[in-house]
Number of protein chains: 2
Amino acid sequence: MTTYYEEYSKVLVSVDCIIFGFDEGELKILIGKRKMDPGRDQWSLYGGFIHDEESVDDAANRVLFQLTGLRNIYMRQVGAFGNVDRDPGERVISIAYYALINVKDYDSNLQEEHGLKWVPVNDLPQMYSDHNTMVAKAHKMMQRKISHEPISFNLLPKLFTLTQLQKLYEAVCGEKVDKRNFRKRIKEMDFIEKTELIDKTSSKRGAYLYRFNKMAYNEDPNFKL
Amino acid sequence: MTTYYEEYSKVLVSVDCIIFGFDEGELKILIGKRKMDPGRDQWSLYGGFIHDEESVDDAANRVLFQLTGLRNIYMRQVGAFGNVDRDPGERVISIAYYALINVKDYDSNLQEEHGLKWVPVNDLPQMYSDHNTMVAKAHKMMQRKISHEPISFNLLPKLFTLTQLQKLYEAVCGEKVDKRNFRKRIKEMDFIEKTELIDKTSSKRGAYLYRFNKMAYNEDPNFKL
DNA sequence: CCAAAAGTGTTCCGCCTACACCCATGC
DNA sequence: GCATGGGTGTAGGCGGAACACTTTTGG
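Each chain carries its own residue numbering, running from 1 in the written order of its sequence. Chains carry letters from A onward and ligands carry numbers from 1 onward, assigned in written order. Given that this is a predicted model, residues contribute local features only at a pLDDT of at least 70 and side-chain atom pairs are listed and counted only at 80 or more, while totals for whole chains, interfaces and linings are drawn from all residues. Hydrogens are left out, water is left out, and the side-chain values use all remaining heavy atoms of the structure.

- Looking at an unreviewed UniProt entry, one finds chain A named NUDIX hydrolase and attributed to Marseilla massiliensis.

Okay, structure coming up:
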């Protein structure tokens, strides 16, 4: 049986992943040196080609799993990038995704293995092809989202202090916010729960640890930072 | 010379266009009956396959031009849709775009020729494949945008009345707004200029016609509705 | 005892919302 | 003269922004 579309030509389609992590008070992404031609040794996002039997979202999840060993990562599509000459080797259309992970969950053996490096978003090198554009767009999308949806928690440990949460917010948005106002807003969100646990790693006095209660959020999903 | 990617398989990539128009006080889109198998005679967005020598954006522009005869249409990418079985004929990844046009600029001969119909967004039929999903996402994206960026004007004639602008806004957002408050906000945007011209087609008294001054907007791009 | 981070309330201003009546004209 | 859509201002309340000091404890 011949297909009805046979007169049209096909192209390679890849996914590229922008993996955000929050580390040392900075928003960073995982990048590596490209291991194939063309563009060998240029800084690059991690990506992969789409297989026949998987959806585009599945491909992104597969690539993320290869890279991080983690499943059920928070992930959103950034968009399709399809300039003709964006890949010097051959026509490739790439669909970019961004993912949010907690740096501590990340197996650093895998990092070694893939030769990857955490680099601050605000201090990226020139990267292969249009990868800088992809990152810029992903970052902007995430900035918009972080004030309206509870996505911050994907970048933090299950238990976190309010200072951590605030620093993260500041790092993503690129501006400082007032501590008291920030905490006032947090208090209004019942699904951000104070525990009795105290973290003493970052201060002598210690800070209460909080947790995000997803169930509670689903019942009353009003998030505003 | 062999290519370095040859071990990966290629897929068909198409673009699908969600063409928004504002007509009779409603937000509508252009859809037609599909003219090929599979899915013949199902309602469908208008689309086309990507050619070798054009970028994805160019493909979308080409398809839009075929369809409307218009160039320089306002157009934004909605995203890539890539479920394995989204097209029953063969694996096709589709990249959706939405476009905003002024219904009056649109050549209705072309509409006849392509067998297209303006259908209210809130009253869409079941469509082919995942096209309803695409429309829903496009609509949501546009709703978010219309309050922060001056995109409304793409859906209106060059000269428009404030009532038209308000009705458009209400149609896109799906809720009524207060006339005086709406006009107050308009007054604060100097780039929405009152002309001395009066439109008498929709009232006996007549209403002042306004125009969007793009130059003025670029100098002071503060848009808020 | 000192340094370093955690924690906590109040005031003020600006913006957004709610709201109702007169105007101009064609028929 | 009346029906139809066009056009206009104000008052009150709410939410966001600015702002500084006390607490705890390890060293």
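Next comes the rest of the description.
## So, the relation of the copies chain B and chain A
Right, so step 1: A least-squares superposition brings the copies together, and it is based on the C-alpha atoms of residues with pLDDT no lower than 70 in both. Once chain B is rotated about the relating axis by 180 degrees and shifted along it by 0.0 Å, it coincides with chain A to within an RMSD of 0.0 Å. Taken together, the rotation angle and the small translation identify this as a two-fold axis.
Right, so step 2: When you check the interface residues of chain B against chain A, 100% turn up at the interface there too, and the contact is symmetric in its surfaces. When checking whether two residues touch, look at their non-hydrogen atoms; a contact exists if any pair is within 4.5 Å.

## Brief notes about the interface of chain B and chain A
Right, so step 1: Between chain B and chain A, the residue contacts involve 35 residues of the former and 35 residues of the latter.
Right, so step 2: Once two parts are put together, the accessible area they lose, assessed with a 1.4 Å probe and summed over both, is termed the buried area. Carbon and sulfur atoms supply 59% of the area buried between chain B and chain A, which totals about 3000 Å² over both sides.
Right, so step 3: Think of a salt bridge as a Lys or Arg side-chain nitrogen and an Asp or Glu carboxyl oxygen that are within 4 Å of each other. Seen at the junction of chain B and chain A, the total is two salt bridges.
Right, so step 4: Between N or O atoms, a polar contact is any pair within 3.5 Å; within protein, one atom must be a potential hydrogen donor and the other a potential acceptor, and residues adjacent in sequence are included only when both atoms are from side chains. Here chain B is connected to chain A by 15 residue pairs in polar contact (both at pLDDT 80 or more).
Right, so step 5: In this count, Pro and Cys sit with the nonpolar residues alongside Ala, Val, Leu, Ile, Met, Phe, Trp and Tyr, while Asp, Glu, Lys and Arg are called charged and the others, Gly among them, polar. Class assignment for the residues of the side of chain B that touches chain A results in 17 nonpolar, nine polar and nine charged.

## Concerning the packing of helix α3 (residues 131-146) of chain A against helix α4 (residues 162-173) of chain A
Residue and element names in this part refer to chain A.
Right, so step 1: Interaxial angle, 0 to 180 degrees, is taken between N-to-C directions of lines fitted to C-alpha atoms, where a helix line uses only the stretch in contact. Think of it this way: any DSSP run of H or I at least four residues long counts as a helix, any run of E at least two long counts as a strand, and we number them from the N terminus. It is at 9 Å that the axes of α3 and α4 come closest, and there the two elements cross at 135 degrees. What the angle tells us is that α3 and α4 run oblique. Crossing of α3 over α4 shows left-handed handedness. Counted together, H139, M142, Q143 and I146 of α3 and Y169, V172 and C173 of α4 form the full contact between these two elements.
Right, so step 2: By residue class, the composition of the contact of α3 with α4 is five nonpolar, two polar and no charged. Reported orientations rely on four angle classes, namely roughly parallel under 35 degrees, roughly antiparallel over 145, roughly perpendicular from 65 to 115, and oblique for the rest. Two helices crossing with the near one rotated counterclockwise from the far one by less than a right angle form a left-handed crossing, whereas a clockwise rotation gives a right-handed crossing.

## Topic: the protein's contact with DNA strand C
Right, so step 1: Residues are labelled near a given molecule or strand when at least one of their non-hydrogen atoms is within 4 Å of it. Looking at DNA strand C, there are 21 residues lining it, with K179, R180, R205 and Y208 of chain A together with R205 of chain B nearest.
Right, so step 2: Counting only atoms of DNA strand C within 4 Å of the protein, the fraction found in sugar and phosphate groups is 40%.
Right, so step 3: The side chain of K179 of chain A places a nitrogen or oxygen atom 2.6 Å from a base nitrogen of DNA strand C.
Right, so step 4: R205 of chain A places a side-chain nitrogen or oxygen 2.7 Å from a base nitrogen of DNA strand C.
Right, so step 5: For the surface near DNA strand C, the secondary structure elements donating two or more residues are α5 (179-187) and β10 (207-212) of chain A together with α5 (179-187) of chain B.
Right, so step 6: Sorting elements by how many residues they give to the surface near DNA strand C places α5 of chain A first, with five residues.
Right, so step 7: The residue makeup of the surface near DNA strand C, split by class, is two nonpolar, five polar and 14 charged.

## Description of the sheet that holds strand β8 (residues 159-161) of chain A
Residues and elements named next belong to chain A.
Right, so step 1: The strand order across the open sheet formed by three strands is β8-β10-β9, and the pairing between neighbours is antiparallel. Edge positions in the open sheet fall to β8 and β9 (192-199), since each of these has one partner strand only. Strand-to-strand, the axes of this sheet are offset by a mean angle of 45 degrees, without reference to chain direction.
Right, so step 2: At least two DSSP bridges between two strands are required for those strands to pair. Two elements, β8 and β10, share three bridges in a ladder whose sense is antiparallel. The residue of β10 that forms the bridge with F160 is Y210.
Right, so step 3: Across the sheet, α4 touches β8 and β10, and the angle it forms with β8 is around 80 degrees.

## Details of the domain arrangement of chain A
All names here are of chain A.
Right, so step 1: Just so you know, the domain bounds were taken from an automatic or database domain assignment. For chain A, the domain assignment lists domain 1 (12-145) and domain 2 (151-219).
Right, so step 2: Of note, the centres of domain 1 and domain 2, computed from C-alpha atoms alone, are 27 Å apart.
Right, so step 3: Contacts between the two partners involve 14 residues from domain 1 and, on the opposite side, 11 residues from domain 2.
Right, so step 4: Together domain 1 and domain 2 conceal approximately 1100 Å² of surface at their shared face, both sides included; 71% is due to carbon and sulfur atoms.
Right, so step 5: Where domain 1 packs against domain 2, one counts zero salt bridges.
Right, so step 6: Viewed at the interface, domain 2 and domain 1 are joined by three residue pairs in polar contact (both at pLDDT 80 or more).
Right, so step 7: At the level of elements, β1 (12-23), β2 (26-33) and α3 are the ones that each hand at least two residues to the side of domain 1 that touches domain 2.

## As for the packing of aromatic side chains
What characterises a pair of aromatic rings is the spacing of the ring centres plus the angle enclosed by the ring planes.
Residues and elements named next belong to chain A.
Right, so step 1: Centre distance within 6.5 Å is the pairing criterion for rings of Phe, Tyr and Trp, where only the six-membered ring of Trp is used; planes under 30 degrees apart are then read as stacked, over 60 as edge-to-face, and the remainder as tilted. A full pass over the atoms with the stated rule returns 22 aromatic pairs over all chains.
Right, so step 2: For the ring pair Y169 and F182, a centre distance of 6.0 Å and an interplane angle of 45 degrees mean the geometry is tilted. Highlighted residues: Y169 in helix α4 and F182 in helix α5, separated in sequence by 13 residues.
Right, so step 3: Relative accessible area decides the class of each residue, using a 1.4 Å probe on protein chains only: under 20% of the type maximum gives buried, over 50% gives exposed, and in between gives partly exposed. We classify F182 as buried; its relative accessible area is 0%.

## Here we look at a positive patch on the surface
Right, so step 1: Surface patches are defined over residues having more than 30% relative accessible area and no salt bridge, joining like charges when they lie within 9 Å and nonpolar side chains (Val, Leu, Ile, Met, Phe, Trp, Tyr) when within 5 Å. Residue exposure ignores everything except the shown protein chains as possible cover, and the areas themselves are Shrake-Rupley values with a 1.4 Å probe. His is not counted here, nor are the chain ends, while Lys and Arg score as positive and Asp and Glu score as negative. One atom stands in for each charge, and that atom is NZ of Lys, CZ of Arg, CG of Asp or CD of Glu. On the surface, K137, K140 and R144 of chain A together with K137, K140 and R144 of chain B cluster together into a positively charged patch.
Right, so step 2: Sorting the residues of the positive patch by element identifies α3 of chain A together with α3 (131-146) of chain B as the ones contributing at least two each.
Right, so step 3: Residue position: K137 of chain B is located in helix α3.
Right, so step 4: We classify K137 of chain B as partly exposed; its relative accessible area is 35%.

## Quick word on unusual backbone geometry
Right, so step 1: In this structure, the amide linkage connecting D37 of chain A to the following residue, P38 of chain A, adopts the cis form with an omega of -10 degrees.
Right, so step 2: Structurally, P38 of chain A is set in the loop between β2 and β3 (43-44).
Right, so step 3: Not every positive phi belongs to a glycine, and D41 of chain B is a case in point at roughly 75 degrees.
Right, so step 4: Position of D41 of chain B relative to the elements: it lies in the loop between β2 (26-33) and β3 (43-44).

## Here's the deal with the protein's contact with DNA strand D
Right, so step 1: Not every one of the 20 residues close to DNA strand D is listed here, only the nearest: R205 of chain A together with K179, K184, R205 and Y208 of chain B.
Right, so step 2: Each atom of DNA strand D within 4 Å of the protein was classed as base or backbone; sugar and phosphate made up 38%.
Right, so step 3: Take R180 of chain A: an N or O atom from its side chain is 3.4 Å from a base nitrogen of DNA strand D.
Right, so step 4: In the environment of DNA strand D, a base nitrogen lies 3.4 Å from a nitrogen or oxygen atom belonging to the side chain of K184 of chain A.
Right, so step 5: Going through the elements one at a time, α5 of chain A together with α5 and β10 (207-212) of chain B are the ones with two or more residues in the surface near DNA strand D.

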